[in-house]
Amino acid sequence: MNVAKSLLAVLALGSSMAMAECVQPESPTLPNGGSATMDDMIAGQQAVKTFQAANLEYMACLETQFTAAKKTIEEGKAKDAESLKAAYEADVAAYNEAVSAEEALAGQFNTEIREFRAANPG
């Protein structure tokens, strides 16, 4: 029984450590639509898709963290409620920033596509 409890403790510790490691993806550099080649634009599209997938993982990680923090606060189980509330607010803000970053990147890539089409009609 003690082995099982020890194993559960290690797993719980590992889970909480994993949650603390939400890694924000770096936004890719987009091609200049006015001078890019088709290959550049395709590579840019792939970079956007890769970023979006990584950003979804990042946002899911943040959501897990702020949901757990909120639950702990609401249940009154927080040892340091003020610190936990600050962490909750920081995670929510980071989540909102991640949404905004993805929207901005998509908007910029759409602008580059329009410029590419204007520079390469037909």
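Our structure is the block above this text.
Our subject in this report is the structure included herewith. (Residues numbered from 1 in each chain as written. Predicted model: local features only at pLDDT ≥ 70, side-chain atom pairs only at ≥ 80, totals over all residues. Heavy atoms only, no water.)

### Points about the state of the cysteines
In the structure shown here, the tally under the stated rule is one disulfide. Here Cys22 is linked by a disulfide to Cys61, with a sulfur-sulfur distance of 1.9 Å. The sign of the S-S torsion, about -85 degrees, decides the handedness of the disulfide formed by Cys22 and Cys61: left-handed. Taken together, the positions of Cys22 in the loop between helix H1 (2-19) and helix H2 (38-75) and Cys61 in helix H2 put the pair 39 residues apart, joining distant regions of the chain. Judged by its relative accessible area of 19%, Cys22 falls in the buried class. (Disulfide = S-S within 2.5 Å. Helix = DSSP H or I, 4+ residues; strand = E, 2+ residues; numbered from the N terminus. Buried < 20%, exposed > 50% of the residue type's maximum accessible area, 1.4 Å probe, protein only.)

### Side note on the side chain of Asp91
Tracing the sequence through the fold places Asp91 in helix H3 (residues 81-119). Side-chain polar atoms of Asp91 contact the side chain of Gln65, separated by 3.0 Å. Leaving out residues up to four positions away in the same chain, Asp91 has contacts with Leu62, Gln65 and Phe66. (Polar contact = N/O pair within 3.5 Å; in protein donor to acceptor, adjacent residues only side chain to side chain. Contact = heavy atoms within 4.5 Å.)

### A short note on the packing of aromatic side chains
By the definition in use, this model includes two aromatic pairs. Ring centres of Phe66 and Tyr88 lie 6.1 Å apart, and the angle between their planes is 85 degrees; this geometry places the pair in the edge-to-face category. In this pair, Phe66 sits in helix H2 while Tyr88 sits in helix H3, placing the two residues 22 residues apart along the sequence. Note on Tyr88: relative accessible area 23%, which makes it partly exposed. Considering the side-chain rings of Phe66 and Tyr95, the 5.8 Å spacing of their centres and the 90 degrees angle between planes classify their relative orientation as edge-to-face. Separated by 29 residues along the polypeptide, Phe66 in helix H2 and Tyr95 in helix H3 bring together distant segments of the chain. For Tyr95, a relative accessible area of 23% corresponds to the partly exposed category. Taken together, Phe66, Tyr88 and Tyr95 form an aromatic cluster joined through their ring pairs. (Phe/Tyr/Trp six-rings, centres within 6.5 Å; stacked < 30°, edge-to-face > 60°.)

### Let's talk about the nonpolar core
In this structure, Leu30, Ala36, Met41, Val48, Phe51, Leu105, Phe109 and Phe116 together form the largest nonpolar core, which totals eight residues. Sequence-distant contacts of Phe116, defined by excluding residues within four places in its chain, comprise Gly33, Gly34, Ala36, Thr37, Met38 and Met41. Core analysis: the second largest hydrophobic core is formed by seven residues, Cys22, Tyr58, Cys61 and Ala98 among them. (Core = buried A, V, L, I, M, F, W, Y, C linked by side-chain atoms within 4.5 Å.)

### Remarks on the pattern of salt bridges
Scanning all chains against the criterion turns up two salt bridges. The partner of Lys77 in a salt bridge is Glu75, with the nearest N and O atoms 3.5 Å apart. We classify Lys77 as exposed; its relative accessible area is 59%. On the basis of relative accessibility, which here comes to 40%, the residue Glu75 falls in the partly exposed class. In this structure, Glu89 engages Lys85 in a salt bridge whose closest nitrogen and oxygen atoms are separated by 3.8 Å. One end of the pair is Glu89 and the other is Lys85, both in helix H3 and four residues apart, which spans about a single turn. (Salt bridge = Lys/Arg side-chain N within 4 Å of Asp/Glu carboxyl O.)

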